[in-house]
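Fold and contact review
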Amino acid sequence: MKFSDLIVSLGELVIRTGSQDCDLHGAAAITAATPSSISFVMGAKYRTALEQTNAAAVILPDRPELVAIAEALGLCWLTATNPRLAFARTIAQFYTPFRPAPGIDRHATIDPDTTLGDHVSIAPGVTIYHNVTLGDRVCLLPNVTIYPGVTIGTGTTVHAGVTLYQDTQIGDYCTIHAGAQIGADGFGFVQTATGWEKMPQSGYVKLGDFVEVGANSTIDRPAVGVTSIGLGTKIDNLVQVGHGCTIGDHCLLCGQVGLAGGVTVGDFSVLAGQTGVVDGVSIAAGSIVAGRSVVRQDIKAGQWAGDPLVPLPQWLKLAAKLKRLARS
Amino acid sequence: MKFSDLIVSLGELVIRTGSQDCDLHGAAAITAATPSSISFVMGAKYRTALEQTNAAAVILPDRPELVAIAEALGLCWLTATNPRLAFARTIAQFYTPFRPAPGIDRHATIDPDTTLGDHVSIAPGVTIYHNVTLGDRVCLLPNVTIYPGVTIGTGTTVHAGVTLYQDTQIGDYCTIHAGAQIGADGFGFVQTATGWEKMPQSGYVKLGDFVEVGANSTIDRPAVGVTSIGLGTKIDNLVQVGHGCTIGDHCLLCGQVGLAGGVTVGDFSVLAGQTGVVDGVSIAAGSIVAGRSVVRQDIKAGQWAGDPLVPLPQWLKLAAKLKRLARS
Amino acid sequence: MKFSDLIVSLGELVIRTGSQDCDLHGAAAITAATPSSISFVMGAKYRTALEQTNAAAVILPDRPELVAIAEALGLCWLTATNPRLAFARTIAQFYTPFRPAPGIDRHATIDPDTTLGDHVSIAPGVTIYHNVTLGDRVCLLPNVTIYPGVTIGTGTTVHAGVTLYQDTQIGDYCTIHAGAQIGADGFGFVQTATGWEKMPQSGYVKLGDFVEVGANSTIDRPAVGVTSIGLGTKIDNLVQVGHGCTIGDHCLLCGQVGLAGGVTVGDFSVLAGQTGVVDGVSIAAGSIVAGRSVVRQDIKAGQWAGDPLVPLPQWLKLAAKLKRLARS
């Protein structure tokens, strides 16, 4: 595409632009760019990378010293209020994730008691049991299995090998990545004289709209009630969400995070990679928990780290002290 | 169902009951109950929740002050020796996990050299290779793959997308949740001058009766011999059991636990979430290891926590000291 | 097989042998061996196990005291430069991992625009989208899904339920275990006033030759560029490799390791189980990181452990100090 057309597509994100135009065939990292690609830099620390780039065009923060470099190099450039967001939308101009055409493959098995929206795409090996409702433009990749009573909202994509257990509710415009298992039994057993007796897990899982679930993550159904994931929340790969958790809107659960049962996570919270949360704990809205932490008690909004969990600045000091102790 | 019929079904678990009867249509948490549902409370700390419940009926511990509240509210009530167990059995009155009807789907691929029990249920997309034996009432959900030489005992359910590698032995009445991979190669390589040479993993995995394996968990085969999971042991989601582990009877391995190779876990042990065990370590029967611990050496029965691993009371003191150190 | 034939097959690994010959029907651990099996011991600490073994034959390090025991017991024996490697190659004499015969199952769905090598094996439930290239002797087990633009090299085996997202490149002689998901979207989102906007993940994943990926592991595609795994690197189960990571040659990533985005791992590095690496960190070639560590900053070659990460000897001292602190 023409750089000038890209500027138009980015709309209000653009602050200023240079006078050059050029043809672009892709987006790339600043250090890996080719003469037909566009890249971006976030701030002054990428100055050297900018000076050495092979890119044809760059998206910059609105800083004169970076603009001057781009001008000197004869690059196409624009400055943006949020260069990272502008770059995200630029990538979208060049890349379309794979999505099979609408239609139902003859190797799919669909119960007659299924409600199908318009333009759904159902791939080979998909099995849909009774009393399932798929919204318009739902896309099911190969070998997705849908147990009875499931509903999937408009425009949602479910990648290969996902299982949705009975009564799972998926909102609109969600993406469920390959191998995620949603609605399997929560881990509930009662100790008896002869061993562990199963607590039947009769509840269900509900995902809001615009939720993304990473590859091979698991979200369990509870004994009673619902495990719920709020609007716009994003879950990375290999994350475990236990039975009866309530995750708010617009949260991030990063890779390998594990939530035991009955955890509450408030809106706009971020749990970084490998963090664990003990059962029944409540995390206030707006909390940010550093990677590999353990949340064993309720926490207020703030930045937290470690095990024992402390405010992040304290954790940094503690880590420094432990390093000294290790050397002494 | 009638509350009076429920009382009968619970049998010896019931100590006392009120005189009310009512119709029940489901089970719910005490705070989420509706006027047609039954709930339970475990002890005095749920007193306020009991006072405010909308439930029609409640299962209580045998405590007069809780009974008095239930009576004052005009609820149906019973007291039970183990309210949680009584509630588990109550849920089972209202809920049946999905299970396809017996029969073999035409989209399944079954080697002629397969021994099938009575009333097996084999879903679309299942593939069974040669020399496999399925007991009576085995249920295989869609896209289960069974490599040669596998045996599955009576009444076992294998959920969608599970793979059982060659020679895996599954006992009776087991439940394998979606995406679990059983019998993949243990992680064994020998360093050579040119890189890592594979140690062939010629052993197999054996699960006892009444074992449950969570979604997307993995249990590896060893180089030689067997990786075994004892009777009644329950494994949560995303758990890794390495090659050659010997897990005893009635153990619990909670979410994201990871066992390296050759680990021994004695009967009735509990490893809480995200705990790791180093290769070759032996954990005595009856051990309880707190979440996010690391077991790097053999341990005796007891409660353990942390990394370095110490007795749980010591870990609590250490955590308090580290918190003070972080603040100072 | 005859022990004497085994000796021939092991070639230069053999240093010395006894004069006995015998028939062997399998390989086993020294403590579990039967009178028709061969076993091995690594060193003097297995002396008692050797004295009590039921094995017919043993592979030994070249130590006179162990040879003397084997002679006294009347065992067949050989000494090897690397007993573990000799045992690996011995197992390979008795065990062949399951591999379906070449051919394309009628329950597979293959786009006409697919390039197939000779002697490929494609199982039931496999789906291959357009523009895919499979090398000679590629083996795809049931329910493997291959998105468009994927290439798979000669002799690679892909186990059941694996998904290869679009444009993934797999080298020659790789093994991808069941449930691994390769090329799913990296976890990239940009915060906006209304929530998290997706950074499209337009890059791809590339695996070198002789790579092994464990069951249910995940390797993500990046926003731009490539996530690459070097020649001969072995990845265990439930490992997360984030978007844009560059893993060198001959590395080991053990079970449940998690790498955030943009991590670099140099050749011949070993990350033990459950270790995490923060985004953008660079790990020098030849690094060994102990289990359950967190690498939050670039590290030089060496042995590392803990969180905060310190040299392994320091970590051992620190752990001892913390244990004392816990007791005091």
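Residues numbered from 1 in each chain as written. Chains lettered and ligands numbered in written order. Predicted model: local features only at pLDDT ≥ 70, side-chain atom pairs only at ≥ 80, totals over all residues. Heavy atoms only, no water.

Considering the overall build of chain A
Counting secondary structure elements, chain A contains five helices and 38 strands. Burial status across chain A gives 61% buried among its 328 residues. Within chain A, contacts between residues separated by at least 24 positions form 19% of all contacts whose residues are at least 6 apart in sequence. A total of about 11700 Å² of accessible surface is found on chain A, and carbon and sulfur atoms cover 53% of it. Each charge sign in chain A was given a centre, from 22 positive and 26 negative side chains, and these centres are 13 Å apart. (Helix = DSSP H or I, 4+ residues; strand = E, 2+ residues; numbered from the N terminus. Buried < 20%, exposed > 50% of the residue type's maximum accessible area, 1.4 Å probe, protein only. Contact = heavy atoms within 4.5 Å. Areas by Shrake-Rupley, 256 points an atom, 1.4 Å probe, with all protein chains shown as cover. Lys, Arg positive; Asp, Glu negative; His and termini not counted. Charge placed at Lys NZ, Arg CZ, Asp CG, Glu CD.)

Concerning the relation of the copies chain B and chain C
Under the fitted operation, chain B is carried onto chain C by 0.0 Å of movement along the axis and a turn of 120 degrees, and the coordinates agree to an RMSD of 0.0 Å. Each copy turns onto its partner about a three-fold axis. A low fraction, 13%, of the interface residues of chain B reappear at the interface in chain C, so the copies pair through non-equivalent surfaces. (Least-squares fit on C-alpha atoms with pLDDT ≥ 70 in both.)

Description of the sheet that holds strand 10 (residues 127-128) of chain A
Backbone hydrogen bonds are what pair the strands of a sheet, in a parallel or an antiparallel way. All names here are of chain A. Across the sheet, ten strands lie side by side as 7-10-13-16-19-24-27-30-33-36; this open sheet has parallel pairing. Where the open sheet ends on each side, the last strands, each with one partner, are strand 7 (109-110) and strand 36 (294-295). With two bridges joining them, strand 33 (residues 276-277) and strand 36 adopt parallel strand pairing. Bridged to Gly 276 within strand 36 is Val 294. (Pairing = 2+ DSSP bridges.)

What to know about the relation of the copies chain C and chain A
The transform that puts chain C on chain A rotates by 120 degrees and translates by 0.0 Å along the axis, for an RMSD of 0.0 Å. Comparing contact sets, just 13% of the residues at the interface of chain C also lie at the interface in chain A, consistent with a heterologous contact between different surfaces.

Considerations on the environment of Ser 269 of chain A
Residue and element names in this part refer to chain A. Relative to the elements of secondary structure, Ser 269 occurs in the loop between strand 31 (264-265) and strand 32 (270-271). What makes Ser 269 buried here is its relative accessible area of 0%. When the C-alpha positions of Ser 269 and Gly 291 are compared, they lie 13 Å apart, and in sequence the two are 22 residues distant. Here Ser 269 is in contact with His 250, Cys 251, Leu 252, Ile 283, Ala 284, Ala 285, Gly 286 and Ser 287, once residues within four sequence places are set aside. There is a polar contact of 2.9 Å between the side chain of Ser 269 and the backbone oxygen of Gly 266. (Polar contact = N/O pair within 3.5 Å; in protein donor to acceptor, adjacent residues only side chain to side chain.)

A look at the sheet that holds strand 27 (residues 240-241) of chain B
Residues and elements named next belong to chain B. Read from one edge to the other, the open sheet built from ten strands follows the order 7-10-13-16-19-24-27-30-33-36, with strand pairing classed as parallel. Whereas interior strands pair on both sides, the edge strands pair on one side only; in this sheet they are strand 7 (109-110) and strand 36 (294-295). Examined bridge by bridge, strand 27 and strand 30 (residues 258-259) share two bridges and lie parallel to one another. In the strand pairing of strand 30, Gln 240 is matched with Gly 258.

A few points about the interface of chain C and chain A
Of the residues lining the interface, 61 residues belong to chain C; the matching set on chain A comes to 54 residues. Of the roughly 4600 Å² buried between chain C and chain A, counting both surfaces, carbon and sulfur atoms make up 59%. Among the residues of chain C in contact with chain A, Phe 187, Trp 196 and Val 224 of chain C are the three that bury the most area, contributing 15% of the side total. In this assembly, chain C and chain A are joined by two salt bridges. Arg 89 of chain A is the salt-bridge partner of Glu 197 of chain C, the closest N and O atoms lying 2.7 Å from each other. There are 30 residue pairs in polar contact (both at pLDDT 80 or more) connecting chain C and chain A. Elements supplying a minimum of two residues to the side of chain C that touches chain A: strand 19 (181-185), strand 20 (189-192), strand 21 (195-198), strand 24 (218-221) and helix 5 (312-327) of chain C. Top element by residues in the side of chain C that touches chain A is helix 5 of chain C. It accounts for five residues. (Buried area = accessible area lost by both parts, 1.4 Å probe. Salt bridge = Lys/Arg side-chain N within 4 Å of Asp/Glu carboxyl O.)

So, the domain arrangement of chain A
Looking at the assigned domains, one finds that chain A contains domain 1 (3-94) and domain 2 (162-314). Summarising the inter-unit geometry, the C-alpha centres of domain 1 of chain A and domain 2 of chain A are found 38 Å apart. (Domains from an automatic or database assignment.)

Looking at helix 1 (residues 3-10) of chain B
Residues and elements named next belong to chain B. By the burial criterion, the buried members of helix 1 are Phe 3, Leu 6, Ile 7 and Leu 10. All buried residues of helix 1 fall inside an arc of 105 degrees around its axis, so they share one side. Buried positions along helix 1 lie against strand 1 (14-17), strand 3 (37-40), strand 4 (57-60), strand 5 (76-80) and helix 4 (83-94). Just beyond helix 1, the residue with positive phi is Gly 11, at close to 55 degrees. (Arc of directions from axis to C-beta.)

Thoughts on the state of the cysteines
Counted under the stated rule, the structure contains zero disulfides over all chains. Here Cys 174 of chain C is not cross-linked by a disulfide; its sulfur's nearest cysteine counterpart is in Cys 139 of chain C, at 14 Å. (Disulfide = S-S within 2.5 Å.)

Re the packing of helix 1 (residues 3-10) of chain C against helix 4 (residues 83-94) of chain C
Residue and element names in this part refer to chain C. Where helix 1 contacts helix 4, the axes come no closer than 10 Å and their chain directions differ by 120 degrees. One element, helix 1, and the other, helix 4, form an angle in the oblique class. Seen along the crossing, helix 1 lies across helix 4 with a hand that is right-handed. Between helix 1, through Leu 6, Ser 9 and Leu 10, and helix 4, the contact on the second element is made entirely by Ala 86, Arg 89, Thr 90 and Gln 93. Per-class residue counts for the contact of helix 1 with helix 4 are three nonpolar, three polar and one charged. (Axes fitted to C-alpha atoms, helices over the stretch in contact; angles between N-to-C directions. Parallel < 35°, antiparallel > 145°, perpendicular 65-115°, else oblique. Left-handed = near helix turned anticlockwise from the far one by under 90°. Nonpolar A, V, L, I, M, F, W, Y, C, P; charged D, E, K, R; others polar.)

Examining the interface of chain B and chain C
Each partner contributes to the interface: chain B provides 61 residues, whereas chain C provides 54 residues. A combined buried area of about 4600 Å² lies between chain B and chain C, and 60% of that area is made up of carbon and sulfur atoms. For the interface between chain B and chain C, the tally reads two salt bridges. Among the ionic pairs, Glu 212 of chain C bridges to Lys 198 of chain B, the shortest N-O distance being 2.9 Å. For the pair chain B and chain C, the number of links is 30 residue pairs in polar contact (both at pLDDT 80 or more). Elements that contribute at least two residues to the side of chain B that touches chain C include exactly strand 19 (181-185), strand 20 (189-192), strand 21 (195-198), strand 24 (218-221) and helix 5 (312-327) of chain B. Ranked by residue count, the leading element in the side of chain B that touches chain C is helix 5 of chain B, at five residues. Of the residues that constitute the side of chain B that touches chain C, the class distribution is 22 nonpolar, 28 polar and eleven charged.

Remarks on a nonpolar patch on the surface
Taken together, the side chains of Tyr 173, Phe 210 and Leu 231 of chain A define a hydrophobic patch exposed on the protein surface, amounting to about 280 Å² of accessible area. Among the structural elements, Tyr 173 of chain A can be located in the loop between strand 17 (169-170) and strand 18 (175-176). (Patch = residues over 30% accessible without salt bridge, like charges linked within 9 Å, V, L, I, M, F, W, Y side chains within 5 Å.)

Brief notes about the environment of Val 281 of chain C
Residues and elements named next belong to chain C. As for its placement among the helices and strands, Val 281 is situated in the loop between strand 33 (276-277) and strand 34 (282-283). Here Val 281 falls in the buried class, since its relative accessible area comes to 3%. Excluding its chain neighbours within four sequence positions, the residues that come into contact with Val 281 are Gly 262, Val 263, Thr 264, Val 295, Arg 296, Gln 297 and Asp 298.

Considering helix 3 (residues 64-73) of chain B
Think of an α-helix as 3.6 residues a turn; residues three or four steps apart then line up on the same face. Residue and element names in this part refer to chain B. Looking at helix 3, one finds that the buried residues are Leu 66, Val 67, Ile 69 and Ala 70. Along the long axis of helix 3, the arc covered by the buried residues comes to 155 degrees, so they all point the same way. Exposed residues lying more than 90 degrees from the buried face of helix 3 are Pro 64 and Ala 72. Buried residues belonging to helix 3 abut strand 1, helix 2 (47-51), strand 4 and strand 5. Two residues or fewer after helix 3 comes Gly 74, characterised by a positive phi angle close to 75 degrees.

Digging into the side chain of Asn 143 of chain B
For Asn 143 of chain B, the position within the fold is in the loop between strand 12 (139-140) and strand 13 (145-146). Of note is the side chain of Asn 143 of chain B, whose polar atom sits 3.4 Å from the backbone oxygen of Gly 125 of chain A. Of the polar contacts made by the side chain of Asn 143 of chain B, one reaches the backbone oxygen of Asn 143 of chain A; its length is 3.3 Å.

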